[in-house]
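Inside the fold
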Amino acid sequence: MNNTIVVIEDSKSNFSEDFKCQKFEYNNQSKDEDIHRWLIANKDLFINAERLIIPVRLGNEDAEHMGLYIGLHIRLTKELEAIRFLPILFVSKQSKEEILYNQINKLKEKSGLLLFTKGSYLVSASSLDEYITKPLPNLDEQVLLETVIPSLNIQNTQDPGHQLANDWGAFRLAKFAGYTLNLEKPSSLYFKFKDSFTNNEIVPNANNTIGLFNESCKALLIDDNATSGWSETLKHILRSKIVNPGKSVSLDVITHFDDALKYADYINYDVVFLDLRLLKEEDKSNQINSIDDFTGTKVLKVIKEINPGIQIIIFTASNKVWNIEKLLELGANGYYIKESPEYILSTRFSKDNYNEFIKSIQTCLLRKPLKQIYTLSQNIKLIITTLVKNKKIDKIFGKSVQQYIELANKIIDAARTENDYAMGYLVLFKCIELINDNYITEDSPTIWRITSDGPLKQFRYNKGNNTATSATPISFTNNLPSTFEKIAGITSQVLGFTNVDVLDLYHNVQRRNKFIHPDESGTLTPIQIGENKMIFTYEGYTKLIKSLDLIFSKLEMKLR
Amino acid sequence: MIYLIDDNKYGQMSENYKLDFTQVLLTYHGFINWFQTISENDIDNIISDAACILIHDSLEEKEDKERIVALAKKSKIPYCLFSNGFTATIFDGDSIKEIKKDRLYNNLLIFMNNFKSESRIDLRLLSLGKNYEVEKAAIIQDRLSNGVLFKGRNNFNFEVAFPSGSQDRKDLRELFYMSEDFSNKDVYEDAYNNFEDKYSDIKTTAKIMEDAISNLTNKINSRYE
C-alpha cells in the first residue's frame, strides 16, 4: 500500500485496490459547510499521505467540477495543517484549458484556476500509474500563501453579503481582542480565501488589568447581527480590557430596528454600541445616498434627543471620512469600522482600528457624568421656560440663564483638557452671577435687599467645622456682599436651602474664585487641593449644576 | 407560464448576473412571471397554471417556499431551487433541487427561448445551456472513463464496471442515446443492446471501453462543430 489517498465515490472503490491506494470515500457532499466538516472529521486519515488523487468530476451530477471544489477546500482550510501542502493529482479527460473555458463567463467561481497552480497536476486516468510512482514535492507554506492562494481569485458568490460581512467583522474584532469565539468560522470558500491573507498577523497583548475602569459598566448593543459573535466579543472586551474584574459588566441586546426606535430606557446605559445598518435591505439597496437615511443614524438621533449625554459608539462598515464626520456631528461619541472581506485592511490599520475602539469605550465611560449633567440641564431649562411663560420671572433673565447653560454644556461635552473643564465651569458659574444680579439690589449705602423679600442677611463660612451659617451682626466687607453672600442669602432666606445646601454653594463659589485668583503662596495652590480641584473634572461641574437645579426647583415651588 | 420567485432587485440582476432583467420580462411577456414576494393567493394562482417554477432557496418566506415546492411535486410541475449557497447542480427527476444562482441566470435566456419556441420545459438547458449535449457528454465521459479505469484497468469486466441499474450504466445509456439521432425508440433499444453485447465480450479491455466512450463523445461533439 503506498501513501496515496484517492478521493472517490464508493461505487468506484475497486480503484484503490488496483492502484494500491487508500480510499477516502466521497458521499456527494456538495455544500461548503458539508465539505468542510467532512474533511476536518477525516483529517487523521491523511497523516502519512504523500499525494492525493481527486477526479475533477465527483458525484452524480457534476457540472460544477466538485473534485476541484474539494481541492480548493483542501488548499484553503487552515485546520487541515500539513494536508494543505500535499500534491494533488486531478483526474480528467479534459485539458485544464477546456475546464477553465467551461467556467469563464458562466460562473463567478472558477475552480479551474486551481489546475494552473503549483502542486496541482491534471492527468488522465490512463496515465495515473506514472504519477503514482513519481516523487512529487509538497508545497512550501510560503509558496501556498504567496503564490497559489492569491492566484485562485475566489469571488463572493453569496447573496450580497450582510451576514458574511458581519461574520467576518466579528471574527476580526475577536481576533484583535485575543478572544476565540464560540462560533464555527464560516466555511465558504470565499471566507477561507480572504482569511488566508491574514495568516501572519500578530495576535495582540495578553490581558492587562492595570488601568482598568474601577466602576461597573452597563452596556447596550443594537445590532441585527448581535448574536453572530458581536455580543460575545464585546462582553469579553468589556470584562477583560475595560472594567476592573471586581466590577460588574452587563451587555443587553436589541436586534430589531423598530424596537430600537421605541425603546424607552436608553438612559440606563453607560455606553451604547449601535450598528449603522439594522436592516438587511440596507446592504442590498442602492437607494441609500445620505448617511441620514441609515437606520442606525435614525436611532442615533432618537437617543441623542432623549439625552445628548448618552454615550454612543457607532459600528459602521463604511470607512468614508465624510460619513464618519457626519455621525460625529450628529452626536456619536466614537466609531468602530467593521472590517469586511471586500476590502482587506492592513494589519496596522486593523490594530489601530481596534486600539481606537478600546480608547473610545474608555472615554465613553469617563464621560458617564454627562448623562446626569444633561438631565439636570433639561430640567432647569424646562422650569425656566414654564416660569417665563407664566410671567413668574423676567424673560431676559430666564433666556440668559438658558443660553449660558447651553454654552457651558457644549464646552463641557467637548472638554479634553483641564482648562476646558474649568472654562465650562466658569461659563456655567455665570448663572449664579445672573441670579445674584437679578435678585439682589443695593437698598441704601449700608443695606442690601433681596428683591421684594427684605434685607439681605449675612452668611459666613466656618473653616473649623466646614459649615456655612448665617452671621450677626451683618458686616459685609466694604459694605459689599460677596458673590457667595448674595447667593447664600437668596437661597437660604427665600428658597429655604439648608445649611448643607448653602455649604455646597460656598464650595462652588470658592472653586471659581481659586481658579480666577490662584493663591501663589505655599507648595500647593488652593486650586490643586480638596473640593477646589474638582473644577478640572466633570465632578465640579456636576456639583454646580446640581446647585442650580435645586435653586430653580425651589424657585418654581415658591412661585407656583 | 414560468414563475420566477426571487427577492432580488433589478439592480442586482444586472450587477451580479449581467442580465438585463427588464428586457427578459418584456421579451418573454406572457411566458414568464416574476414575483419578489408571494402571498397565499399567489401560491394558488401559481400552482394552477405553472409550467415550471423557479424559486430562490433563500427566500425570506421560508414556509411559503416549502409549500410551493411540495405542491409542485404533488402536481408534477417541474421546479428548480436556486441559491448561491449551492455548489453543485443536483437533479431530482425532472426537477432541479439544487443549482447555483449564477448558473441559472446565465442560462435563463436559453431556457426561455426554448420554452417560447417549443412550448417545452427542459431544465437541462437551465443547467448546461444551449450546448447541453456537448457539456453533458463531457461530464459523462469524464465520469465513465475514470470509472472504467478505476474499476478494472487490468481486468475489465463490463458488468462489474457498469452494474445493472447503476448510475454509470444509466450514464452510458444516455451517452449512447445522445450520440445518434434516433427517431424510433425500438431502433434505439436494439442499437443500444447491440452496443452492450459488443463490449460485454471477454476480449474487451479497459482501453477498448474507454475508446468506445470517446467515440460516442466525439460523435456528439461533431454535431455541434
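Residues numbered from 1 in each chain as written. Chains lettered and ligands numbered in written order. Predicted model: local features only at pLDDT ≥ 70, side-chain atom pairs only at ≥ 80, totals over all residues.

1. Some remarks on the overall build of chain B
Tallying secondary structure elements over chain B gives 11 helices and six strands in all. In terms of its C-alpha atoms, chain B occupies a principal-axis envelope of roughly 65 × 35 × 35 Å. In chain B, which comprises 225 residues, the proportion classed as buried is 40%. Taking as baseline every contact in chain B between residues at least 6 positions apart, the subset at least 24 positions apart corresponds to 60%. (Helix = DSSP H or I, 4+ residues; strand = E, 2+ residues; numbered from the N terminus. Buried ≥ 20, exposed ≤ 12 C-beta atoms within 10 Å, placed from the backbone. Contact = placed C-beta atoms within 7 Å.)

2. What to know about the overall build of chain A
A tally of helices and strands in chain A yields 20 helices and 14 strands. Dimensions along the principal axes, computed over C-alpha positions, put chain A at roughly 120 × 50 × 30 Å. Here the contacts in chain A between residues at least 6 apart in sequence split such that 66% fall between residues at least 24 apart.

3. Things to note about unusual backbone geometry
Residues and elements named next belong to chain A. In the segment running from threonine 472 into proline 473, the intervening peptide bond is cis, with an omega of -10 degrees. Topologically, proline 473 is positioned in the loop between β14 (467–471) and α18 (483–494). Even without a glycine there, the phi angle at asparagine 28 is positive, about 65 degrees. Mapping asparagine 28 onto the fold places it in the loop between β2 (22–26) and α2 (32–41). Using a count of 14 C-beta atoms within 10 Å as the deciding quantity, one classes asparagine 28 as partly exposed. Not every positive phi belongs to a glycine, and histidine 65 is a case in point at roughly 55 degrees. Relative to the helices and strands, histidine 65 is located in the loop between β3 (51–55) and α3 (66–76).

4. Some remarks on the pairing of β14 of chain A
Residue and element names in this part refer to chain A. Examined bridge by bridge, strand β13 (residues 458–462) and β14 share five bridges and lie antiparallel to one another. Of the residues in β14, the one forming a bridge with tyrosine 461 is alanine 468. Taking the residues between adjacent antiparallel strands as the criterion, β13 and β14 are bridged by four residues, where asparagine 466 takes a positive phi near 50 degrees. (Pairing = 2+ DSSP bridges.)

5. What to know about the sheet that holds strand β8 (residues 271–275) of chain A
All names here are of chain A. Reading across the sheet, the five strands line up as β7-β6-β8-β9-β10 and stay open at both edges, with parallel pairing between neighbours. Looking at which strands have only one partner, the edges of the open sheet turn out to be β7 (249–254) and β10 (334–337). Ignoring strand direction, the axes of neighbouring strands in this sheet form an average angle of 20 degrees. Sheet analysis places β8 next to strand β9 (residues 312–316), joined by four bridges and oriented parallel. Looking at β9, one finds that phenylalanine 273 is bridged to isoleucine 313. (Axes fitted to C-alpha atoms, helices over the stretch in contact; angles between N-to-C directions.)

6. Considering the sheet that holds strand β2 (residues 32–35) of chain B
Residue and element names in this part refer to chain B. The six strands are arranged β2-β1-β3-β4-β6-β5 in an open sheet whose pairing can be described as mixed. Only two strands of the sheet have a single neighbouring strand rather than two, namely β2 and β5 (90–92). Geometrically, the sheet is characterised by an average inter-axis angle of 15 degrees between neighbouring strands, direction not taken into account. The pairing of β5 with strand β6 (residues 95–99) spans three bridges and is antiparallel. Looking across to β6, one finds that isoleucine 90 is bridged to glutamate 98. Across the sheet, helix α4 (residues 62–74) lies against β3 (52–56) and β4 (79–82), angled at about 155 degrees from β3, the strand it touches most. Contacts from helix α5 (residues 101–118) reach β1 (2–5), β2, β3, β4 and β6 within the one sheet, and its direction differs from that of β4 by about 155 degrees.

7. Regarding the confidence of the model for chain B
Scored by pLDDT, chain B has a mean of 85; 92% of the residues are at 70 or more. Predicted as a complex, the structure gets a pTM of 0.80 and an ipTM equal to 0.82. (pLDDT = per-residue confidence, 0-100.)

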